[in-house]
Structure formats: C-alpha cells, structure tokens
Amino acid sequence: MTYVFVCLVGLVAGTISGIVGTGSSIMLVPVLVYAFGPKQAVPIMAVAAVMANVSRVLAWWREVDWRACAAYALPGIPAAAFGARTLLVLPPRAVDLAIGSFLIAMVPMRHWLARHELKITLWQLALGGAVIGYLTGIVVSTGPLSVPLFLFYGLSKGAFLATEAASSLGVYLSKSATFQRFGALDADVAIKGLIAGSSLMFGAFIAKRFVLTLKPDAFRLMMDGIMLAAGVSVLWNAAHAD
C-alpha cells in the first residue's frame, strides 16, 4: 500500500508539474519522507526528478529552445555536483528561508518586469543556472526558482516546459551521480526512485492536453499560484524543521 500511495500522489504531482513546470517535489517529498525516511527522500526524489524531466522533454521535444537550455545547463551541471557535495555542511533552514522568501517576492517582481517589458539575456540565464544548479545540489528541489528565470527569458507554455525540463535534466543527473558516488544512492534507493518517477512520467503526458488548451493569461496566473504556494511551503518547512 505504501508504493500505491506514493504512485497515486506522484501521478497527481506529475500532472500538476507537467502543466506549470514545477511542484512535483513539493507534493511528493513529504510522502517520501513519511514512507522511506528523510535520509532516503532526497536521493529518491533526485532519481524521480530525472524521470519527470525526461517525460516533459519527450512530450514537448519540438518546443525545446536549445540555446537557452545550453546556457542554463552548462554552468548548472558542475554547480549541482558541488552543491550536492556540500549538502551536509550548509544549514538547510537558512537556505529554505532564503528560497521561500525569494519565491514569494518573485510574484510581484514578475508583474513589475512584465509591465516594463524587461527580459533576461542568455548570459544572465547562464548565471542563474550556476546559482540554481548549486542550490539544487543542496535542497530537494529548486524548480520554483528556475520557473521565473525561464519566464523572464520569454518562454511560455510548451516551449517553457520543454526547455526548463531539458535544462534541469542534466542538473539532476549530476546531483544523482554525486549521491551515487558518495554512497547515498544504492540499488534500493534507485528502485524506489524509479517507482516514484514512473508515476511522475505518466502525469506529464496527461498534462500535455491541458497545457495545449490554456490561454497565456491563465498560464501566467497558474504560475503565480504555484510560486506563492511553493514559497509558503518552503517557509513552513523551515519554520517547523527540527
């Protein structure tokens, strides 16, 4: 029953994240912690995130902006490995507080940038990839951080989902490989990650039909909602961490 529950939550999380580009970790990680313990939850989610990103790339393959993907991923991949190695050194609560505050602040900031028609460039996207890649190695997920970055670059709907997923894929592979190298990702954890990840993959393909019918304004409104929810969730976790 534990695996059934994990897969059901994963299916819902995969569908939602397939529509808005993030949110799967926020929904699935508490279930993984309850089912398998906090020590296994992070590497399990790393494996599941790889599978979730693969599914979004496959679902939207023709929409990928490969220049933006390369700009983000090339600095993000080594940064994620470095972040994973320093995971036990940095205080997670401080990182969570910073990320949660940032996510909530990004909602009015995104609207301000939209009114002034300001957008980031490729080199700024690369800088963001390095910073977010490092943070991804430390915390369970930084999907809500990469979301506004790609939106500020000018991507939307399928192009946004595909490019963010393709860019994040290398980052999560780097993180998973680092966990495996340092003994945190054994065969048992990998199998659990594959099971959780399979449900996320199915959800991504279910989501595609909904994304195709979304109007741009509705898509942006959903993005605001997920960023607010993610920010509050991260701050809540930080406030109640042991």
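For clarity, every value in this text was computed on a predicted model and none was experimentally measured. (Residues numbered from 1 in each chain as written. Predicted model: local features only at pLDDT ≥ 70, side-chain atom pairs only at ≥ 80, totals over all residues. Heavy atoms only, no water.)

Draft legend 1. Layout of the overall build of the protein chain. Along the protein chain, the regular secondary structure elements total ten helices and zero strands. Put simply, the protein chain runs from its N terminus to its C terminus through helices and strands in the order α-α-α-α-α-α-α-α-α-α. For the protein chain, with 242 residues in total, the buried portion stands at 53%. Taking as baseline every contact in the protein chain between residues at least 6 positions apart, the subset at least 24 positions apart corresponds to 87%. When the accessible surface of the protein chain is split by element, carbon and sulfur atoms take 70% of a total near 11,500 Å². (Helix = DSSP H or I, 4+ residues; strand = E, 2+ residues; numbered from the N terminus. Buried < 20%, exposed > 50% of the residue type's maximum accessible area, 1.4 Å probe, protein only. Contact = heavy atoms within 4.5 Å. Areas by Shrake-Rupley, 256 points an atom, 1.4 Å probe, with all protein chains shown as cover.)

Draft legend 2. Up close: the pattern of salt bridges. For the structure shown, the criterion picks out two salt bridges. With a closest N to O distance of 3.6 Å, Arg56 and Glu164 form a salt bridge. Placement of the pair is Arg56 in helix α3 (residues 38-59) and Glu164 in helix α8 (residues 157-181), with a sequence separation of 108 residues. A salt bridge links Lys192 to Asp188, with the nearest nitrogen and oxygen atoms 3.1 Å apart. Taken together, the positions of Lys192 and Asp188, both in helix α9 (residues 187-213) and four residues apart, correspond to about one turn of that helix. When its relative accessible area of 12% is taken as the criterion, Lys192 is described as buried. (Salt bridge = Lys/Arg side-chain N within 4 Å of Asp/Glu carboxyl O.)

Draft legend 3. Representation of the side chain of Ser168 within the structure. Of note, Ser168 is situated in helix α8. Classification of Ser168 as buried rests on a relative accessible area of 5%. The residues contacting Ser168, other than those within four sequence positions of it, are Asn53 and Ser146.

Draft legend 4. Structural context of helix α6 (residues 122-138). With 17 residues, α6 extends 25 Å between its outermost C-alpha atoms, agreeing within 8% with the 24 Å of an ideal straight helix rising 1.5 Å per residue. Taken as a whole, α6 has its buried residues at Leu125, Gly128, Gly129, Ile132, Gly133, Leu135, Thr136, Gly137 and Ile138. (Expected span 1.5 Å × (residues − 1).)

Draft legend 5. Molecular detail of α8. In a regular helix each residue adds 1.5 Å, so 25 residues correspond to 36 Å; α8 covers 36 Å between its end C-alpha atoms and thus fits that length. Its axis deflected by about 25° at Leu169, α8 carries its strongest bend there. Most of α8 sits out of view: 21 of its 25 residues are buried. A positive phi of about 85° marks Gly183, the residue just after α8. (Bend = angle between axes of the 7 residues up to and from the residue.)

Draft legend 6. How the structure looks around the packing of aromatic side chains. Scanning the model with the defined rule gives three aromatic pairs in all. Summarising the aromatic geometry, the rings of Trp61 and Trp66 are spaced 5.3 Å apart at their centres and angled 65° between planes, so their arrangement reads as edge-to-face. Given a relative accessible area of 46%, Trp66 falls into the partly exposed group. The interplanar angle of 50° and the centroid separation of 5.0 Å between the aromatic rings of Tyr72 and Phe150 together place this pair among those described as tilted. Taken together, the residues span a long stretch of sequence, with Tyr72 in helix α4 (residues 66-85) and Phe150 in helix α7 (residues 143-153) at a distance of 78 residues. Taking relative accessible area as the criterion, Phe150 reaches 0% and is therefore assigned buried. (Phe/Tyr/Trp six-rings, centres within 6.5 Å; stacked < 30°, edge-to-face > 60°.)

Draft legend 7. Broad picture of a nonpolar patch on the surface. Together, Leu11, Phe202, Ile206 and Phe210 make up an exposed nonpolar region whose accessible area comes to about 380 Å². Secondary-structure assignment places Phe210 in helix α9. For Phe210, a relative accessible area of 43% puts it in the partly exposed group. (Patch = residues over 30% accessible without salt bridge, like charges linked within 9 Å, V, L, I, M, F, W, Y side chains within 5 Å.)

Draft legend 8. Focus on the nonpolar core. Core analysis: the largest hydrophobic core is formed by 29 residues, its most contacted members being Tyr72, Leu125 and Phe160. Counting only elements with at least two residues in this core, the list comes to α3, α4, α6, α7 and α8. When neighbours within four sequence positions are excluded, Leu125 is seen to be in contact with Ala68, Ala71, Tyr72, Ile120, Leu149, Phe150 and Tyr153. Formed by 25 residues, the second largest nonpolar core is a distinct cluster that contains Val31, Val50, Tyr172 and Ala196. (Core = buried A, V, L, I, M, F, W, Y, C linked by side-chain atoms within 4.5 Å.)

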